[in-house]
Amino acid sequence: MSLYTAETKRLTKRRFTRLFLLGTTLILLAIAAGMFFTNEKVGPSQIASAQAQAQQDFQRATEQYQRDQAACQAPGANPASCEGMYQPTQDDFQAQWYMPPTFDFRENFPDMVTTLAALLALVAFIVGASFVGAEWSSGGMMNLLLWRPQRLQVLGTKLLALLVLFTVLTVVYSAIWTGIFVGIAEARGTTDSMTSGAWQSIALMELRGLALVLVAAAIGFGLASLGRHTAMALGVTIGAVIVFQFGLGTVLSLAKVKFAEAYLIPVWMIAWMDKEIKLEDYNSCNYSSAGGCQPDSLTLTWPMAGGLLAGIFVLIVGASMWAMRSRDIT
Amino acid sequence: MTAVLEIAGLQKTYRSRKGVRRALDGFDMVVEAGQVHGFLGPNGSGKTTTLRTLLGLITPNGGRMAILGREVPAHLSEVAGQVGAIVESPQFFGNFTAQDTLSLLAEAGDVRKERVTAVLELVGLRDRAKDRVKTYSLGMKQRLAVASALLKEPKLLILDEPANGLDPGGIREMRSLMRNLAESGMTVVLSSHILGEIQLICDSVTIISAGRRVAAGSVADVLASHTSSGVKVRLEPGVDMRGAVELLRANGAQVTVEHDHFTVGNAGNPAQITRILAEREIYVSELTPTAADLESVFLQLTGTAPVEGRNRQVDQSAVAAPTGGWGQ
Ligand SMILES: Nc1ncnc2c1ncn2[C@@H]1O[C@H](COP(=O)(O)OP(=O)(O)OP(=O)(O)O)[C@@H](O)[C@H]1O
Ligand SMILES: [Mg+2]
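Keep in mind that this is a model prediction, so the values were computed, not measured.

Residues and elements named next belong to chain B. Inspection of the entire model under this criterion finds 27 salt bridges over all chains. Arginine 22 is the salt-bridge partner of aspartate 25, the closest N and O atoms lying 2.8 Å from each other. Classification of aspartate 25 as buried rests on a relative accessible area of 18%. For arginine 22, a relative accessible area of 51% puts it in the exposed group.

Before going further, it helps to examine the coordination of the magnesium ion (ligand 2). Residues and elements named next belong to chain B. Donor atoms from the polypeptide that coordinate the magnesium ion (ligand 2) comprise Thr48 (OG1) and Glu88 (OE), at 1.9 to 2.0 Å from the metal. With threonine 48 in helix α1 (residues 47-54) and glutamate 88 in the loop between β6 (83-86) and α3 (98-108), this pair connects stretches of sequence that are 40 residues apart. Judged by relative accessible area, threonine 48 falls into the buried class, the value being 10%.

Taken together, Leu160(A), Val164(A), Val168(A), Val172(A) and Ile176(A) make up a surface patch of nonpolar side chains, about 390 Å² in accessible area. Classification of Leu160(A) by relative accessible area gives partly exposed; the value is 46%.

Once that is clear, we can look at the interface of chain B and chain A. Of the residues lining the interface, 33 residues belong to chain B; the matching set on chain A comes to 28 residues. For the pair chain B and chain A, the summed buried area comes to about 2600 Å², and 60% of that belongs to carbon and sulfur atoms. Linking chain B to chain A there are four salt bridges. Residue Arg148(A) is joined to Asp110(B) by a salt bridge in which the shortest nitrogen-to-oxygen separation is 3.6 Å. Our count for the contact surface shared by chain B and chain A stands at 14 residue pairs in polar contact (both at pLDDT 80 or more).

What follows is about the UniProt feature "transmembrane region" (unreviewed entry) in chain A. All names here are of chain A. Feature annotation in UniProt assigns "transmembrane region" (unreviewed entry) to the following positions: residues 19-37, 116-138, 159-182, 202-224, 231-255 and 304-324. For residues 159-182, the helix share is 100%, the strand share is 0%, and the end-to-end C-alpha distance is 34 Å. The span residues 304-324 shows a helical share of 100% and a strand share of 0%, and its end C-alpha atoms are spaced 30 Å apart.

On to the packing of helix α5 (residues 140-147) of chain A against helix α6 (residues 151-188) of chain A, then. Residues and elements named next belong to chain A. At a minimum axis distance of 10 Å, the contact between α5 and α6 shows a crossing angle of 125°. One finds that α5 runs oblique with respect to α6. Once α5 is placed against α6, the crossing between them reads as right-handed. Touching Met141, Leu144 and Leu145 of α5 are Arg151, Val154, Leu155 and Lys158, all from α6. Tallied by class, the residues present in the contact of α5 with α6 amount to five nonpolar, no polar and two charged.

Quick notes on the rules
Residues numbered from 1 in each chain as written. Chains lettered and ligands numbered in written order. Predicted model: local features only at pLDDT ≥ 70, side-chain atom pairs only at ≥ 80, totals over all residues. Heavy atoms only, no water. Salt bridge = Lys/Arg side-chain N within 4 Å of Asp/Glu carboxyl O. Buried < 20%, exposed > 50% of the residue type's maximum accessible area, 1.4 Å probe, protein only. Donors = N, O, S within 2.8 Å, 3.2 Å for Na, K, Ca; no water. Helix = DSSP H or I, 4+ residues; strand = E, 2+ residues; numbered from the N terminus. Patch = residues over 30% accessible without salt bridge, like charges linked within 9 Å, V, L, I, M, F, W, Y side chains within 5 Å. Areas by Shrake-Rupley, 256 points an atom, 1.4 Å probe, with all protein chains shown as cover. Contact = heavy atoms within 4.5 Å. Buried area = accessible area lost by both parts, 1.4 Å probe. Polar contact = N/O pair within 3.5 Å; in protein donor to acceptor, adjacent residues only side chain to side chain. UniProt positions renumbered as here; feature names shortened; annotations may be inferred. Axes fitted to C-alpha atoms, helices over the stretch in contact; angles between N-to-C directions. Parallel < 35°, antiparallel > 145°, perpendicular 65-115°, else oblique. Left-handed = near helix turned anticlockwise from the far one by under 90°. Nonpolar A, V, L, I, M, F, W, Y, C, P; charged D, E, K, R; others polar.

As structure tokens, then:
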């Protein structure tokens, strides 16, 4: 217990941790402010103005059409050019497309949850890596082991302190984030469609976000502990991201591998946060008389993504614990 | 007296991509309670490796170790609270202050908070305790390291080169600190290259060379059993010293040339020197046996005395004690 409190203090005392959390907070506030100022509430006057504008554009398009018709039917012109001409209809100018952006909580907030989770996951990764990486490279870990010769306990307690801190942070940030956007929706949009079922699904999504943050923290921590250096963890990740995003993506699509996106990390993150993602292969055709050509599709679901996250977590934490147990500390 | 520290037949082989290196090769060591024990050896002889193994930082390939009567590493966590240690200039996380660093260690090790202030005072860092460790000088970092080792009021204090980077005043303070600690019942194991210092403060020593013990016992015993057979030779003024030195070397003597005299390291029978020189009509004006000091015993035992015209490489040290003298 004393080790746990000491590690929590060590983690929160670090300027690195504090700076990153401050930065995250500022970025989140900027996003919230942006959403506040780019959305507005929709009332009768906005609807009326959107309808008027739609009507006006429809009118203008119709006049243009009539002018073009007259031009091509005029003597001397080529009448064939009239044939492809399209007559605009009222349906092509729907009032809803002329509405100002408005923040519909049920529709727009899930993206904000994903944004928060992704940002916190990134910070958790970096803070986790630097927390244990700096300990290894500065020799602090060796000093600590002279005090507490139980290696697994020491590393495990550090990891626990990190995960608990990020659990608390994510829960607090999620609560505030939700509160802020309820406020934004009330001022600049609507929360009308929020049923208790919708709230539950938001809460579950935030819970999945928490899992994502914790896995990211553990991966950063595990990699830095394996490599005994912060730079090592960051290097591996940047390498992995480059290889995955660009290299692998290019190679796979050149090789015409089906569903090449399934090898990309962000696709899995979206599958995890949004519960599923549907990948389609536009080179295929499943003909049906009703719908014509339907592409092959592959649906990645959140249990699949969850399995992947759990697998990576177990693999990296396990490897770092095993290395901690057996290696010479010099 | 009881042994606080016992090591028998310790083996350690480092393996890396470049091959294997045998750092410890059946090393033995015993330290009695209440003593200040010097742990000496040339660079790369295995001192730090021994201490790291003892403290559970590296796994040995063989041998037995016990601290305060308990087998380690098996029971290390039981005795860890009674062992304070610094291993080869420990580094600390640079952005924390000395105060924070020690407080966190104290908390992790269940030590009373008041100890932090007490040890900072003891090593002379009280007024700089709120500065970040990054801004410390080498000697200040070393003092902080000693403070961290003293924090838990250990029964056994293990210090690997504690004098590294200390100023003369600091070395003297360290010396009296060690003496006081030993008088209060603490056992101190001290590795150092400053042999004059060791001779002043240590009750007993262990000398290691190439991973094996080459001498052990009280300082007086070690000096007595390896009495230097060296003699200092001064010639009549104006006599060519070089000729005499070459003559003696040709006869197998180990000669070290000084400014106005030379010493013969292995003169079992000093009369031999006068006879050889007198045959060539070179006469000696002074012939005094040199008193054995720890340094010469160390150089002799480890075979690391500098030889003119040769650059000794770090791994060139004696594996077993050299035998016999010259001229007997
Ligand atoms: N991590 C390591 N990997 C490989 N070899 C090592 C490692 N650490 C030490 N050695 C080797 O083990 C031998 C003993 O080293 P050690 O550090 O114990 O020497 P030392 O007696 O403390 O020397 P010094 O007086 O210079 O501090 C040396 O030959 C060294 O090169
Ligand atoms: Mg050393």
